[in-house]
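Examination of the molecular architecture
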Amino acid sequence: QVALVESGGGLVQAGGSLRLSCVASGRTGSINTMGWFRQAPGKSRELLATVTWIIGVTNYADSVKGRFTISRDYFKNSMYLQMNSLKPEDTAVYSCAVKTNTLGAFQFWGQGTQVTVSS
């Protein structure tokens, strides 16, 4: 089991920035990849970015490429999402997740943190 706790959400004006954090605990040695997701009201969950745990290879969805940056601190069991140039359409609940193998689904999820971007 891997437990995840997000923090850093809040209310920000359009054009502003926020930095989300996700701290992992438990069997962190089993982590293969971590990712950030979001879900807006009435919409399906969207994968935003992933980072491989050991090497730190990153991937981004087109919707956030160039504005969001995913990173991880292996020794702090933490992952981050730096969000810049925020838009009202970025308003959603943001969650971090973990999978323990490359091809599998994300298995462990945090509780989510609300991000609200005002216009």
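So, a few notes on the structure that sits alongside this text. (Residues numbered from 1 in each chain as written. Predicted model: local features only at pLDDT ≥ 70, side-chain atom pairs only at ≥ 80, totals over all residues. Heavy atoms only, no water.)

Concerning the pattern of salt bridges
By the definition in use, this model includes 4 salt bridges. Close ionic contact of Arg-38 with Glu-46 constitutes a salt bridge, the shortest N to O distance being 2.9 Å. On the basis of relative accessible area, Arg-38 is assigned to the buried category, the value being 9%. The exposure class of Glu-46 is partly exposed, given its relative accessible area of 26%. (Salt bridge = Lys/Arg side-chain N within 4 Å of Asp/Glu carboxyl O. Buried < 20%, exposed > 50% of the residue type's maximum accessible area, 1.4 Å probe, protein only.)

Regarding the pairing of strand 7 (residues 68-73)
Sheet analysis places strand 7 next to strand 8 (residues 78-83), joined by 6 bridges and oriented antiparallel. The residue of strand 8 that forms the bridge with Ser-71 is Tyr-80. Counted along the chain from strand 7 to the antiparallel partner strand 8, the turn is 4 residues long, and its residue Asn-77 has a positive phi close to 50 degrees. (Pairing = 2+ DSSP bridges. Helix = DSSP H or I, 4+ residues; strand = E, 2+ residues; numbered from the N terminus.)

Re the sheet that holds strand 1 (residues 2-7)
Taken in spatial order, the 4 strands make up an open sheet running 1-3-8-7, and their pairing is antiparallel. Looking at strand neighbours, the two that pair on one side only are strand 1 and strand 7, the edges of this open sheet. Direction aside, the axes of adjacent strands within the sheet are offset by 15 degrees on average. Of the strand pairs in this sheet, strand 3 (residues 18-26) and strand 8 are connected by 6 bridges, and their pairing is antiparallel. Each bridged residue has a counterpart across the sheet, and for Cys-22 the counterpart in strand 8 is Met-79. (Axes fitted to C-alpha atoms, helices over the stretch in contact; angles between N-to-C directions.)

Considering the environment of Val-5
Here Val-5 lies in strand 1. Along the primary structure Val-5 and Ser-21 are separated by 16 residues, whereas in three dimensions their C-alpha atoms are 8.0 Å apart. Sequence-distant contacts of Val-5, that is, excluding residues within four places in its chain, are made with Ser-21, Cys-22, Val-23 and Gln-111. (Contact = heavy atoms within 4.5 Å.)

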